[in-house]
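Observations on the three-dimensional arrangement
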Amino acid sequence: VGLRINLRRVRAGRVVVALVALMLCAVVLVSFRNSRSSSGWSSGPHASGAPKPSPKPVFRQDALGNFEPGAEPVGDGPGEGGRPHYPSPEKVNEAQQSAAEYGMTMTVSDDISMTRTIPDTRNPECRHWDYAEDLPKASVIVVFHNEGWSTLLRTVHTVLSRSPPQFLEEVLLVDDFSDKPALGGPLENYIARFNGKVRLLRNDKREGLIRTRSKGAEYARGEVVLFLDAHCEVNSNWLPPLLAPIRRDPTVMTVPVIDGIDHETFEYRPVYQGKSLSRGIFEWGMLYKETDVPTQEARRHEYVSEPFQSPTHAGGLFAIHKDFFLKLGGYDPGLLVWGGENFELSFKVWQCGGSIEWVPCSRVGHVYRNFMPYSFGKLGESKKGPLITTNYKRVIEVWFDEEHKEYFYTREPMARFVDAGDLTEQLALKERLGCKPFKWFMENVAYDVYEKYPKLPPNLHVGELRNAATGNCLDTMGRAAPTPMGTAHCHGLGNNQLVRLNAQGQMGIGERCVEADGRTVKLLFCRLGSVDGPWAYNADSKTMMHTPTKKCLAVHPHTGDLHLAVCAPINEYQKWAFREIVPK
Ligand code: LR7
Ligand code: MN
């Protein structure tokens, strides 16, 4: 990167020399003009010629961007400079308890200053961009449910201290029916010190993060709504780069690059150390994934620090013009609590006339929790089938086409059985806005999904896989991959027993694959983008052969464990039958 800047400098320097010497004028000028127009340069404050409106930020060689702050002095207190912090010996127990309650060690967070310094993790190029002075103002919306005090307020403090005030309309906190006492009166008292710059709304029942965000957007006073999770620390000059693309085009949604904050030590860890930039995609079971920015997209930009287009986003951190968000109907109000809303918004933005840009010069730290500390409450019980799968089904039933829907159901057969609820309004919105078909999105925006996750071969069998000798069914045993696979009493409910075997020998349960080495049979995450596997089922002999070893899947008669055995088709412990199930 430094190299690139140097190259640019050399080139620009060469231009000046050439102009002065009146040598090779024509050739050099052409190359200069080309570089100006392709980067969208127009006459910035330091360029010669009549000033023109700047559709894009100006890249200046002097690194004195108009909002560029000086380096913050690094103190030596706990966690300063983004360094890891550890609980003192007498607080170890308390720390463990707080980690169990919040999914992050609040005791450690509580020791760290609200405005500690963190490393400026941006590409050095970022200090050269010069943004317009009339960017739209943002409401920063933070929804929360039973979040820890110091992480929530550190989010607020860093937004207030690291945003140019003229672009920050307000910080809008929306409480999704928390019941921790500190988040009641004490929170109201605390934010009073910000003289109205920080507002607080409360739900009168649990709505989940998705509906709570839509509500925040409706109440927001800013032209742009900018969402953050309640455990973030925004980094140096994070705000203008997110607003500039929206000023240029109000149908652009912008996403900062998300650094990691460790849930135990609160160490600030930059993403992309020595790695190339990545962007958001998805695989067919609708897990969110990131992948390298394809060359086709990278080639469209002169600088690696320029925003680039991304098919999807992780969900929590993004900015969008309020009117555009509301025109898109906010989030589908039928999505419950958590999950899938990132895809819904991504597909909707792209298919209905907008675009998503990831902004490398805007960096925000986010605490990745150890586990989800909250339950889904009554909302979780009110839906048939697992709630997140239900959300995914709503999203794909509205935005996918028939071909791509089939890949989702092939990979996640359980989804066929969940009730997605009424989709009339969502389909009507898609119609009314004249949104483009999913095929267009896949071919023009998310083309890299096909490279990573090839189209899926059909399933030959889907159902529970019952052993003839024991009468038990193949089962994940409720354990997370990687784990040994087991068998258990057949319950007919699908879920952990809903096995798929596809035409290329891949056997799995949802996104996880059954694999075997030598003797043990395991459940692993399917190899990235793999659609094939080692299994061959013979419906006559009822054996499941592991083709690389030519051995057969068997239950051990004594231990009951799964293993690979020398094939002996008369052995009942090696006979398996798929039974289609229709979970109630
Ligand atoms: O019922 C709830 N009500 C809420 O208000 C549940 C949660 N929330 C709040 C919660 O307090 C937090 O502020 O909603 C916010 C997000 O919840 P998290 O932090 O528990 O979610 P996450 O970080 O585990 O999950 C990611 O996916 C979610 C899917 O619905 C959301 O989109 C999160 O915002 C999203 N987080 C990010 O994108 C940060 C980067 C992580 C990655 C990849
Ligand atoms: Mn989060």
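Residues numbered from 1 in each chain as written. Chains lettered and ligands numbered in written order. Predicted model: local features only at pLDDT ≥ 70, side-chain atom pairs only at ≥ 80, totals over all residues.

Take the overall build of the chain next. For the chain, the helix and strand inventory stands at 17 helices and 27 strands. Considering the chain as a whole, with its 584 residues, one finds that 44% of them fall into the buried category. Taking as baseline every contact in the chain between residues at least 6 positions apart, the subset at least 24 positions apart corresponds to 75%. (Helix = DSSP H or I, 4+ residues; strand = E, 2+ residues; numbered from the N terminus. Buried ≥ 20, exposed ≤ 12 C-beta atoms within 10 Å, placed from the backbone. Contact = placed C-beta atoms within 7 Å.)

Around ligand 1 sit 24 residues in total, of which Leu209, Ala230, Ala314, Gly315 and Gly316 are the nearest. For the shell around ligand 1, the elements supplying multiple residues, two or more each, are strand S3 (138–144), helix H7 (208–219) and helix H11 (341–351). The residue makeup of the shell around ligand 1, split by class, is 11 nonpolar, 8 polar and 5 charged. (Near = placed C-beta within 6 Å. Nonpolar A, V, L, I, M, F, W, Y, C, P; charged D, E, K, R; others polar.)

Structurally, the position occupied by glutamate 147 is in the loop between S3 and helix H5 (149–162). For glutamate 147, a count of 27 C-beta atoms within 10 Å puts it in the buried group. Sequence separation between glutamate 147 and leucine 287 is 140 residues, and the spatial gap between their C-alpha atoms is 25 Å. Discounting chain neighbours no more than four positions away, the residues touching glutamate 147 are Leu152, Ala230 and His231.

Let us look at the UniProt feature "domain: Ricin B lectin" (unreviewed entry) in the chain. Following the UniProt record, one finds the feature "domain: Ricin B lectin" (unreviewed entry) at residues 462–579. The span residues 462–579 shows a helical share of 0% and a strand share of 48%, and its end C-alpha atoms are spaced 8 Å apart. (UniProt positions renumbered as here; feature names shortened; annotations may be inferred.)

This next bit is on unusual backbone geometry. Of note, the bond from alanine 481 into proline 482 is cis; its omega dihedral lies within 30 degrees of zero at -5°. With respect to the helices and strands, the residue proline 482 is situated in the loop between strand S16 (472–475) and strand S17 (483–484). Phi is positive for valine 337, close to 55°, though the residue is something other than glycine. With respect to the secondary-structure elements, valine 337 resides in the loop between helix H10 (322–327) and H11. Its identity as a non-glycine residue notwithstanding, lysine 550 has a phi of 55°, on the positive side. If you trace the backbone, lysine 550 turns up in the loop between strand S24 (543–546) and strand S25 (551–555).

Moving on, we come to the environment of alanine 132. Mapped onto the elements of the fold, alanine 132 is located in the loop between strand S2 (129–130) and S3. Here the alpha-carbon distance between alanine 132 and asparagine 444, two residues 312 residues apart in the chain, equals 30 Å.

Once that is clear, we can look at the domain arrangement of the chain. Structurally, the chain comprises domain 1 (2–42), domain 2 (80–367), domain 3 (378–452) and domain 4 (459–579). At the junction of the two partners, domain 2 supplies 26 residues and domain 3 supplies 27 residues. Counting residues per element, the ones that place at least two in the side of domain 2 that touches domain 3 are strand S10 (278–282) and H11. Ranked by residue count, the leading element in the side of domain 2 that touches domain 3 is H11, at 6 residues. Considered class by class, the residues forming the side of domain 2 that touches domain 3 number 14 nonpolar, 8 polar and 4 charged. (Domains from an automatic or database assignment.)

Further remarks concern the environment of glutamate 283. As for its position among the elements, glutamate 283 is in the loop between S10 and strand S11 (288–292). Residue classification places glutamate 283 among the partly exposed positions, given that 19 C-beta atoms sit within 10 Å. The spatial distance from the C-alpha of glutamate 283 to the C-alpha of glutamate 443 is 15 Å, given a sequence separation of 160 residues. Excluding residues that lie within four positions of it along the chain, glutamate 283 makes contacts with Lys289 and Tyr453.

Let us now look at the confidence of the model for the chain. Across the chain, pLDDT averages 89, with 90% of residues at or above 70. Confidence over residues 1–53 falls short of pLDDT 50; this stretch has 37 contacts with residues more than four positions distant or in other chains. In the predicted assembly, ipTM is 0.98 and pTM is 0.87. (pLDDT = per-residue confidence, 0-100.)

Of all 5 residues that make up S25, 4 are buried, and the element is covered over most of its length. Sheet analysis places S24 next to S25, joined by 2 bridges and oriented antiparallel. Looking at the pairing, methionine 545 lines up with cysteine 552 of S25. Adjacent in sequence and paired antiparallel, S24 and S25 are bridged by 4 residues, among which lysine 550 carries a positive phi angle near 55°. (Pairing = 2+ DSSP bridges.)

To continue, consider the pairing of S24. Looking down a regular strand, the side chains alternate between one sheet face and the other. Residues Thr543 and Met545 line one face of S24 and the alternating positions Met544 and His546 line the opposite face, and both faces are buried. Alignment of strand S23 (residues 535–538) against S24, held across 4 bridges, turns out to be antiparallel. Counterpart to alanine 536 in the pairing with S24 is methionine 545. Linking S23 back to S24 in an antiparallel pair, the connection comprises 4 residues, with lysine 542 at a positive phi of about 65°.

The biggest cluster of nonpolar side chains holds 118 residues, and the ones touching the most others in it are Val140, Ile141, Val142, Val225, Leu226, Leu243 and Ala319. Contact partners of isoleucine 141, with chain neighbours within four places excluded, come to Leu172, Val174, Arg213, Gly216, Ala217, Ala220, Val225, Leu226 and Phe227. Tyr102, Met104, Met106 and Ile261 belong to the second largest nonpolar core, which has 11 residues in total. (Core = buried A, V, L, I, M, F, W, Y, C linked by C-beta atoms within 7 Å.)

Before going further, it helps to spend a moment on H7. Helix length check: H7 (12 residues) gives 17 Å between terminal C-alpha atoms against 16 Å at 1.5 Å per residue, within 8%. Along H7, the residues that are buried comprise Gly208, Leu209, Ile210, Arg211, Thr212, Arg213, Ser214, Lys215, Gly216 and Ala217. Of the surrounding secondary structure, the elements contacted by the buried residues of H7 are S3, strand S4 (168–175), strand S6 (224–228), H10, H11 and helix H12 (377–381). (Expected span 1.5 Å × (residues − 1).)

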